[in-house]
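Survey of secondary and tertiary structure
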Amino acid sequence: MNIFRKIILNILPVYFSEEAAPEEGWGRYRRLWRRVAFLTAFVSLMPLIIMTFVNYYQYKRVFEEEMIYPISRLTSNTRRSLSSFIDERRSVLDMIIRDKEYDELKNQEKLTILFRNLKESFGGFIDMGVIDADGIQQSYVGPYELMGKNYKDQSWFQDVRLRGIYVSEVFMGYRKFPHFVIAVMHEIDKGGFYVLRATLDMETVSSNILALSHRPSTDAFIINRDGVLQTDSRFYGKTFDTIHIPVPPISDKTEVVERLDDNGRLYILGYAYIIQSPFILMEVTKPEEQMKNWFSLRNDLLWFLGVSIFLIILVILWGANYLVRHILEADLRHARVLHNIEYTSKMASIGRLAAGVAHEINNPLSIINENAGLLKDIVAATEDFPRAEKFLKHIEAVTKSVERCSTITHRLLGFAKRIDTQIETIDLKNLIQEVLGFLDKEAKHRNITIAYHIPEYIPTIESDRGQLQQVFLNIINNSFDALSDGGRLDITITPSELNRVSISIKDNGHGISEHDLQHIFEPFFTSKKEHGTGLGLSITYGIIQKLGGDISVESKVGVGTSFTVMLPIKHE
Amino acid sequence: MNPISVLLVDDEEDLSLVLAERLEMKGFIARGVVSSEEALDLIEKEEFDVMIIDIKMPGIGGLDLMQRVKQKRPETQIILFTGHGTDKEGETAIDDGAYDYLIKPIKIEDLIAKIEKAAGK
């Protein structure tokens, strides 16, 4: 499940993952993506699916007209013939038993005449006999010695007694060939009855009825309700074998169904239950040749549908991704521009304010400085000035403080200043190494490892060397401040999109808190307490903006900080 | 050799007068005034080798004063003070005819060096 989820997340765009989601979440883009994908899928797939199914059913109908209906007709006709065969013989036996008196039928001679006439009019009869209510054969016409035989305990005798008529399954019996029996009962006075029982040859049915429906690819045969063959079958064996296809479900009409055999091959089965008999007529057609075209067409249709759906879904996913990604990027660009405008404006205001404050402070600073200087001059010029040394020490403290303030005001003014840039072609690798040259001793002293990740080819850029040195010195100085002794600094330079070069400076120092990170480029913001003026990174930010670049910072407390500077290859 | 005469013009009285006093102690003939008008009156009567003028002053500004001095006393060399802490303003002033510039707060040694250089000593 996890692997499946990973695959899906890899295919789906970034806004389906909660990682890197903005504060307000990706919900809006997810909804938009779903809406676009669903609507596009609906309007493009529905007509395709509808058209394919319409075509499928149209072709199927044509096929049925060509294949199924003839089989259905053939099966119906054969069923009617078979039913008529059995009905006629049952009816004639019924007529005989009603028309003739028991005594007449018991009379062997009369029965012989009657049977001869019957055979001349109706085919298939083998023998005929009369059995009394005790199951004893009273008369018999046929090739066997059955006079006096007792049928009382046989099930067919019980059946005919209960239902008045009985048609048996095919069996071998005394006669040693497949035959079946039709028996009819007639009641006489005082609750008595007798049975007229005739045996019919199944071969007559096979040759006269089933043979009519034989085709090269068709097999017509009869089974009983247990699936035992009542006639020979070309496909499924001899009489009394059990067929290896399922017995079809009971139905009162002719049915045609498509089925697959044990080898997975299709066959068409027409079948009909012959009423008032145990027989099921089966017409099996193996239409491989005839069906080839249909299967090929059906497979083509299904392939076409499958491949089309797959391709359409791919295009829809790509389209939805493309569209929503562009909207997302436009939104992000818009937000970034707004943020930059806001930030630049804020920095400019702070810069102007800082410059004003610095300028106004410079005058009183100068006064303090000059007055202290005058005092120093007076002390120096006066011989035997009392406690001159202590006096000069205090004056020195004042002038040092003035110098410190002066450094701050100069930096403040530097933050706001807009001096011209001097553009030249710069090899960034050299430039970074030059900057690190200033810090080489400190790195060695503190055992700081500096690792470079710089590909062989990095394009040179057009920029201001001096200002970039200041930028990287500020950043690397900050990293050194954050690093403990024995720490590590990774410097990576890579070409980036939009004709820019990315320089990443990553330390494994103490990191910056989320709150501090939000203010890191603002003037006077410092986490170094008395060590820092809070102007280094704000000046860095100003320079990079002026040079047409971007700077970003990522940090995690206890893990480290990474500054990324993006600089344009061409100066504009 | 005559000592170098210097006129300091800065609207900050405590600065111009104290600086003048310091320069006096260093062997210069130094006068301090607190406005351009006062400076213009003074150069009518006296000639100075070097004038040190603050750029930003109320009334007649430092750069304006420099142009007027240039007309009246072309031989006087002018050093400008700027409180903006940038080289840009000073470089503009040199282009306009100043001998040199200094960024506040100054170091007296730098000032003396520039004065002496301006006066050709």
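Basis of the calculations
Residues numbered from 1 in each chain as written. Chains lettered and ligands numbered in written order. Predicted model: local features only at pLDDT ≥ 70, side-chain atom pairs only at ≥ 80, totals over all residues. Heavy atoms only, no water. Helix = DSSP H or I, 4+ residues; strand = E, 2+ residues; numbered from the N terminus. Buried < 20%, exposed > 50% of the residue type's maximum accessible area, 1.4 Å probe, protein only. Contact = heavy atoms within 4.5 Å. Phe/Tyr/Trp six-rings, centres within 6.5 Å; stacked < 30°, edge-to-face > 60°. Core = buried A, V, L, I, M, F, W, Y, C linked by side-chain atoms within 4.5 Å. Pairing = 2+ DSSP bridges. Axes fitted to C-alpha atoms, helices over the stretch in contact; angles between N-to-C directions. Buried area = accessible area lost by both parts, 1.4 Å probe. Salt bridge = Lys/Arg side-chain N within 4 Å of Asp/Glu carboxyl O. Polar contact = N/O pair within 3.5 Å; in protein donor to acceptor, adjacent residues only side chain to side chain. Nonpolar A, V, L, I, M, F, W, Y, C, P; charged D, E, K, R; others polar.

**Concerning the overall build of chain B**
Helix and strand counts for chain B stand at 5 helices and 5 strands. Out of the 121 residues in chain B, the part that is buried amounts to 51%. Taking the intrachain contacts of chain B between residues at least 6 apart in sequence as the baseline, contacts between residues at least 24 apart amount to 59%.

**Overview of the packing of aromatic side chains**
Residues and elements named next belong to chain A. Applying the stated criterion across every chain, the model contains 14 aromatic pairs over all chains. On the numbers, 5.2 Å between centres and 80 degrees between planes, the contact of Tyr 56 with Tyr 57 is edge-to-face. Taking relative accessible area as the criterion, Tyr 57 reaches 51% and is therefore assigned exposed. Consider the rings of Trp 156 and Phe 157, whose centres lie 5.9 Å apart with planes at 90 degrees: the pair is edge-to-face. With respect to burial, Trp 156 and Phe 157 carry one shared label: buried.

**Points about the nonpolar core**
All names here are of chain A. Grouped together as the largest cluster of nonpolar side chains are 39 residues, with contacts concentrated most on Phe 472 and Ile 476. Looking at this core, the elements that each hand over two or more residues are helix H9 (428-445), helix H10 (465-482), strand E13 (488-496), strand E14 (500-507), helix H12 (536-546), strand E15 (550-556) and strand E16 (560-568). Among the elements that take part in this core, H9 stands out by supplying 7 residues, more than any other. Setting aside anything within four residues of it in sequence, one finds Phe 472 in contact with Leu 428, Leu 431, Ile 432, Val 435, Ile 503, Ile 505, Val 565 and Leu 567. With 35 residues, the next largest nonpolar core counts Ile 96, Tyr 102, Met 128 and Val 170 among its residues.

**Observations concerning the sheet that holds strand E2 (residues 137-141) of chain A**
All names here are of chain A. The strand order across the open sheet built from 5 strands is E2-E1-E5-E4-E3, with neighbouring strands paired in antiparallel fashion. The sheet terminates laterally at E2 and strand E3 (165-167), the two strands that pair on one side only. If you compare each strand with its neighbour and ignore which way they point, the axes differ by 15 degrees on average. With 9 bridges joining them, strand E4 (residues 179-187) and strand E5 (residues 193-201) adopt antiparallel strand pairing. Bridged to Glu 187 within E5 is Phe 193. In this fold helix H4 (residues 108-121) packs onto strand E1 (125-132) and E2, with an angle of close to 145 degrees to the strand it touches most, E1.

**So, the environment of Ile 505 of chain A**
In this fold, Ile 505 of chain A is placed in strand E14. Those residues within four positions of Ile 505 of chain A in sequence are excluded, and the remaining contacts are Phe 472, Ile 475, Ile 476, Ser 479, Leu 489, Asp 490, Ile 491, Thr 561, Ser 562 and Phe 563 of chain A.

**What to know about the interface of chain B and chain A**
With 21 residues of chain B in contact, the opposing surface of chain A contributes 22 residues. Carbon and sulfur atoms supply 59% of the area buried between chain B and chain A, which totals about 1,900 Å² over both sides. Sorting the residues of chain B by area buried against chain A places Arg 22, Met 25 and Pro 105 of chain B first, and these three jointly supply 29% of that buried surface. Viewed at the interface, chain A and chain B are joined by 4 salt bridges. For the salt bridge of Asp 377 of chain A with Arg 22 of chain B, the shortest nitrogen-to-oxygen distance reads 2.8 Å. At the surface where chain B touches chain A, the tally comes to 7 residue pairs in polar contact (both at pLDDT 80 or more). Sort the elements by how many residues they give to the side of chain B that touches chain A and helix H1 (residues 13-25) of chain B lands first, with 7 residues. Residues that form the side of chain B that touches chain A fall into these classes: 8 nonpolar, 4 polar and 9 charged.

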